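This is what each chain is made of:
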There are 2 protein chains.
Amino acid sequence: MHLGIARSVESASGPVPPPRLVVASDAGLLDLATAAELDLRANGAEPARAAELARLSFPPSLTALLAGGQRALDETRRLVASAPAAAFRPAESMQLMCPVDPPGFRDFMIFDEHVRNTYAPSGKEPPAVLYELPAYYKASTATLIGPDATVPWPSYAASLDYELEFAVVISRAGVDLTPDVALDHVLGVTVLNDFSAREMQFAEMRSRLGPAKGKDFATAVGPWVTTLDEIDIHSLELSAAVNGTEVARGSSAGALWPIEEAIAWASAGEPLRPGDLIGSGTLGGGSGLETDRRLATGDIVEMSITGVGSLRNVVGSRTDAGWQPGRRFADTATRG
Amino acid sequence: MHLGIARSVESASGPVPPPRLVVASDAGLLDLATAAELDLRANGAEPARAAELARLSFPPSLTALLAGGQRALDETRRLVASAPAAAFRPAESMQLMCPVDPPGFRDFMIFDEHVRNTYAPSGKEPPAVLYELPAYYKASTATLIGPDATVPWPSYAASLDYELEFAVVISRAGVDLTPDVALDHVLGVTVLNDFSAREMQFAEMRSRLGPAKGKDFATAVGPWVTTLDEIDIHSLELSAAVNGTEVARGSSAGALWPIEEAIAWASAGEPLRPGDLIGSGTLGGGSGLETDRRLATGDIVEMSITGVGSLRNVVGSRTDAGWQPGRRFADTATRG
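> How should I be thinking about the overall build of chain A in this particular structure?
A count of helical and extended segments in chain A gives 9 helices and 17 strands. By the compact-globule yardstick of 20 Å for 336 residues, chain A fits well, its C-alpha radius of gyration being 21 Å. Based on the C-alpha atoms only, the size of chain A along its principal axes is roughly 75 × 50 × 50 Å. Every one of the 336 residues in chain A was classed for burial, and the buried ones make up 59%.

> I keep staring at the sheet that holds strand 13 (residues 237-242) of chain A and nothing clicks. Help me out?
Residues and elements named next belong to chain A. A sheet is described by the order of its strands in space; here 5 strands give the open sequence 9-17-16-13-14, paired in mixed fashion. Pairing within the sheet leaves two strands with one partner each, and these edge strands are strand 9 (150-153) and strand 14 (245-251). Strand-to-strand twist across the sheet, computed as the mean angle between neighbouring axes with direction ignored, equals 20°. Across 3 bridges, the pairing between strand 9 and strand 17 (residues 309-318) is parallel. Bridge assignment links Trp-153 to a residue of strand 17, and that residue is Arg-318.

> Would you take a moment to explain the pairing of strand 2 (residues 20-25) of chain B for this structure?
Looking along a regular strand, one sees the side chains alternate between the two faces of the sheet. All names here are of chain B. Relative to strand 2, strand 1 (residues 2-8) runs antiparallel, the two being bridged by 4 bridges. From the neighbouring strand, Leu-3 faces strand 2, where its bridge partner is Val-23. Looking at chain direction, strand 2 and strand 3 (residues 28-31) are connected through 4 bridges and run antiparallel. Looking at the pairing, Ser-25 lines up with Gly-28 of strand 3. Following strand 2, the chain reverses through 2 residues before pairing antiparallel with strand 3.

> Explanation requested: the environment of Leu-295 of chain A in the structure shown.
Residues and elements named next belong to chain A. Along the chain, Leu-295 turns up in the loop between helix 9 (288-291) and strand 16 (300-305). Residue class for Leu-295 comes out buried when judged on its relative accessible area of 7%. With 134 residues separating them along the chain, Leu-295 and Asp-161 place their C-alpha atoms 5.7 Å apart. Beyond its immediate stretch of four places on either side in the chain, Leu-295 contacts Trp-153, Leu-160, Asp-161, Tyr-162, Phe-195, Val-242, Val-301 and Val-315.

> What should I look at first to understand helix 5 (residues 112-119) of chain A in this one?
An α-helical turn contains 3.6 residues, so a residue and the one three or four places further along point in the same direction. Residues and elements named next belong to chain A. Listed in full, the buried residues belonging to helix 5 are Asp-112, His-114, Val-115 and Tyr-119. The arc that holds every buried residue of helix 5, seen down its axis, measures 160°, which confines them to one face. Buried residues along helix 5 sit against helix 9.

> Looking at this structure, I do not really get the sheet that holds strand 13 (residues 237-242) of chain B. What am I missing?
Hydrogen bonds between backbone groups are what pair the strands of a sheet, and the pairing can be parallel or antiparallel. Residue and element names in this part refer to chain B. As summarised here, the arrangement of the 5 strands in space is 9-17-16-13-14, forming an open sheet in which the pairing is mixed. Two strands lie at the open edges of the sheet, namely strand 9 (150-153) and strand 14 (245-251), each paired on one side alone. Each strand axis lies, on average, 20° off the axis of its neighbour in the sheet, ignoring direction. When strand 16 (residues 300-305) meets strand 17 (residues 309-318), the two strands line up antiparallel, connected through 6 bridges. Residue pairing in the sheet places Val-301 in a bridge with Asn-313 of strand 17.

> What exactly am I supposed to notice about the relation of the copies chain B and chain A here?
To go from the first copy of the chain to the second, apply a rotation about an axis and then a shift along the same axis. Aligned on chain A, chain B shows an RMSD of 0.0 Å; the corresponding rotation is 180° and the shift along the axis is 0.0 Å. Accordingly, the operation relating the two chain copies is best matched by a two-fold axis. The C-alpha atom lying nearest the rotation axis in chain B is that of Gly-210 of chain B; the distance is 1.9 Å. Mapped onto chain A, 99% of the interface residues of chain B again fall at the interface, so both copies present the same surface.

> Explanation requested: the side chain of Glu-163 of chain B in the structure shown.
All names here are of chain B. Mapped onto the elements of the fold, Glu-163 is located in the loop between strand 9 and strand 10 (164-170). Within the structure, Glu-163 has its side chain in polar contact with the side chain of Lys-215 (distance 3.0 Å). At a separation of 3.1 Å, a polar atom in the side chain of Glu-163 contacts the side chain of Thr-282. Ignoring anything within four residues of it in the chain, the contact list for Glu-163 reads His-114, Leu-192, Asn-193, Asp-194, Ser-196, Arg-198, Lys-215, Thr-282, Gly-286, Ser-287 and Met-303.

> Help me out: how do you make sense of the interface of chain B and chain A in this one?
Think of interface size as the accessible area that goes away when the parts come together; that is how it is often given. Every contact between the two is made by 71 residues of chain B and, on the other side, 70 residues of chain A. Buried surface at the junction of chain B and chain A, summed over both partners, amounts to about 6100 Å²; 59% is from carbon and sulfur atoms. For the interface between chain B and chain A, the tally reads 8 salt bridges. Between Arg-328 of chain B and Glu-261 of chain A there is a salt bridge whose closest N-O contact spans 2.4 Å. Where chain B meets chain A, there are 23 residue pairs in polar contact (both at pLDDT 80 or more). For the side of chain B that touches chain A, the class distribution of residues is 40 nonpolar, 14 polar and 17 charged.

> Is there a simple way to think about the pattern of salt bridges in this case?
Any two side chains of opposite charge can pair if their charged atoms end up close together. Across all of its chains, the model carries 38 salt bridges over all chains by this definition. Of the charged contacts in the structure, one is a salt bridge between Glu-125 of chain A and Arg-116 of chain A, with a shortest N-O distance of 3.2 Å. For Glu-125 of chain A, a relative accessible area of 61% puts it in the exposed group. The partly exposed category is assigned to Arg-116 of chain A, whose relative accessible area is 23%. Among the salt bridges present, the one from Arg-20 of chain B reaches Asp-31 of chain B, with a minimum N-O distance of 2.7 Å. With Arg-20 of chain B in strand 2 and Asp-31 of chain B in strand 3, this residue pair connects regions lying 11 residues apart in the sequence. Its relative accessible area of 25% is what places Arg-20 of chain B among the partly exposed residues. By relative accessible area, which is 2% here, Asp-31 of chain B ends up buried. One salt-bridge network, in which partners are shared between bridges, spans Asp-161, Glu-163, Asp-194, Arg-198 and Lys-215 of chain A.

> Mind showing me how you'd approach the packing of aromatic side chains here?
Working definition: an aromatic ring pair is given by the centre-to-centre distance plus the angle between the planes. A full pass over the atoms with the stated rule returns 6 aromatic pairs over all chains. Positioned above the aromatic ring of Trp-265 of chain B is the side chain of Lys-213 of chain A, whose terminal nitrogen or guanidinium carbon lies 5.9 Å from the ring centre.

Calculation rules
Residues numbered from 1 in each chain as written. Chains lettered and ligands numbered in written order. Predicted model: local features only at pLDDT ≥ 70, side-chain atom pairs only at ≥ 80, totals over all residues. Heavy atoms only, no water. Helix = DSSP H or I, 4+ residues; strand = E, 2+ residues; numbered from the N terminus. Rg over C-alpha atoms; globule rule 2.2 N^0.38 Å. Buried < 20%, exposed > 50% of the residue type's maximum accessible area, 1.4 Å probe, protein only. Pairing = 2+ DSSP bridges. Axes fitted to C-alpha atoms, helices over the stretch in contact; angles between N-to-C directions. Contact = heavy atoms within 4.5 Å. Arc of directions from axis to C-beta. Least-squares fit on C-alpha atoms with pLDDT ≥ 70 in both. Polar contact = N/O pair within 3.5 Å; in protein donor to acceptor, adjacent residues only side chain to side chain. Buried area = accessible area lost by both parts, 1.4 Å probe. Salt bridge = Lys/Arg side-chain N within 4 Å of Asp/Glu carboxyl O. Nonpolar A, V, L, I, M, F, W, Y, C, P; charged D, E, K, R; others polar. Phe/Tyr/Trp six-rings, centres within 6.5 Å; stacked < 30°, edge-to-face > 60°. Lys NZ or Arg CZ within 6 Å of the ring centre and 35° of its normal.

In structure tokens:
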């Protein structure tokens with residue numbers, strides 16, 4: 001299955017249409033709440049009650065669906081297999097949105113080539129800890145954007161860059177997982193573009209507290225979460241293009257840290273939650289940082305994974321909104 | 001108001017009682033859903049409908065309450081002022097739980113004395129960026145614990161430490177806030193103990209991606225979120241004790257970065273969400289790291305803020321559960 005969130009583009013001048021949980025198919029986009037409603041009515045439910053139950057069972061939230069456990073996924077697959085034509089909508093009648101609404105989001109660095117590339121200009125060796133455990137930073141869940149969304153350019157960002165990644169969505173809770181069972185907790189794979197403001201990111205990382213403003217203005221995710229049965233997570237083919245020109249290509253097969261080990265480590269001593277998003281980190285050569293490119297307003301960035309789909313975004317204009325902190329001189333500060 | 005979450009301790013052998021949103025008062029704990037139900041019934045509502053509406057309006061989630069906007073807070077204050085005796089419960093009949101369920105959690109370093117203390121042993125100056133912007137790390141929302149909860153000791157943690165902090169809860173959404181309006185977006189203050197596994201934390205921080213496993217096994221929060229009208233956020237008196245012996249004391253007045261500037265910077269280029277938790281970072285001298293103490297199983301750690309309350313936790317036993325990653329040698333890894 002290719003699961004996503006979409007909203008109708010029919011009524012551009014009216015109120016904003018509500019988002020819907022959808023499944024992509026050759027017949028168009030299957031609106032799951034509509035499919036469930038029709039299924040209930042075909043089995044004798046009163047119309048108002050059918051609509052209410054369908055809305056509760058298939059809200060526009062992948063995390064809410066997954067919180068329903070295996071029954072909710074089984075019911076989803078049953079509807080996909082049995083839905084009548086009236087539950088499908090033409091793909092062009094809907095705008096895809098970000099397919100995930102994760103309670104937590106970690107972004108790893110499983111590809112050593114990216115690590116080597118980013119440290120090479122400084123002449124320094126990467127820190128040893130990157131070879132002792134699968135390291136990650138905790139990313140923001142508040143600024144995820146979907147297909148075709150414009151990338152906001154915050155006032156503090158001197159430049160913008162892209163990062164080509166894949167990500168997995170956690171299907172069910174788990175703690176202290178071992179790598180051999182980690183994929184049993186994964187729903188599927190999506191495309192991830194971790195937009196970055198490099199100057200801010202590198203300044204922040206000197207604090208050793210991790211990137212924050214350098215990353216948290218926008219992360220693009222989509223177009224689908226493709227279930228594991230549809231793809232081979234160990235040989236995903238990823239590529240990136242800017243304004244139609246390919247700028248990166250590679251495979252998930254080249255990871256220093258297998259994704260199972262990243263997931264297992266994410267669950268060490270703390271629970272993974274249904275809907276959690278786990279990014280792979282950048283593929284070797286998958287950022288402008290590594291290839292001496294920066295993005296400009298109006299640039300179209302497209303990231304693709306074969307068998308999952310393409311995620312296209314347009315770079316917006318830099319805003320001038322926003323307060324900036326003033327430098328402190330510690331010696332003159334009041335002490336507690 | 002002192003807002004919290006509590007569950008009944010009456011039926012230890014039966015099913016786990018559901019959590020309730022409560023307000024502390026001299027008359028005991030006001031159960032807001034019960035108060036709303038009684039209020040509706042006193043005004044002619046059918047009993048079943050009164051119970052249903054009260055449950056929807058006052059779910060056991062501070063974030064859900066705040067998502068209801070100003071009307072929800074006004075209604076809360078109206079109930080606190082008018083509730084009948086039947087809506088109050090003796091404080092000893094309920095166990096307090098973690099009062100917050102934040103969509104996001106940032107932890108700052110607003111106190112320079114803590115920064116200086118932690119860098120002093122190395123002989124190195126703190127990184128300049130800590131004086132250029134109010135730095136923070138993104139903390140986990142998955143492992144928050146409440147009053148009297150046992151602190152889990154994960155298998156990978158060679159030692160455990162405490163951190164004395166205050167935290168604010170965001171009441172309403174905002175982006176690109178300026179410091180002068182930041183407190184208009186704050187509901188109130190709570191006590192925060194950012195438990196830390198130092199050896200893991202310092203190893204991870206060498207990755208520059210920020211602390212992760214070194215922090216994310218447990219953060220204690222509570223007992224209340226005390227609204228800003230009850231306290232002076234700029235002169236909070238904080239203290240910490242281990243096994244009854246005071247180990248730290250100080251005031252929020254000594255911050256290098258005023259909390260308003262931390263909140264404003266948190267909102268730069270990304271939205272704050274209702275219920276978001278923002279920690280101050282450790283008060284100068286507020287950790288065992290600074291005073292050469294480590295915690296032991298069975299230790300009782302108590303953090304207090306005058307006018308807010310005391311947050312007491314017991315250190316648990318180290319578990320042996322959990323997979324550990326094996327060291328990689330980059331040169332022999334398969335490259336993509």
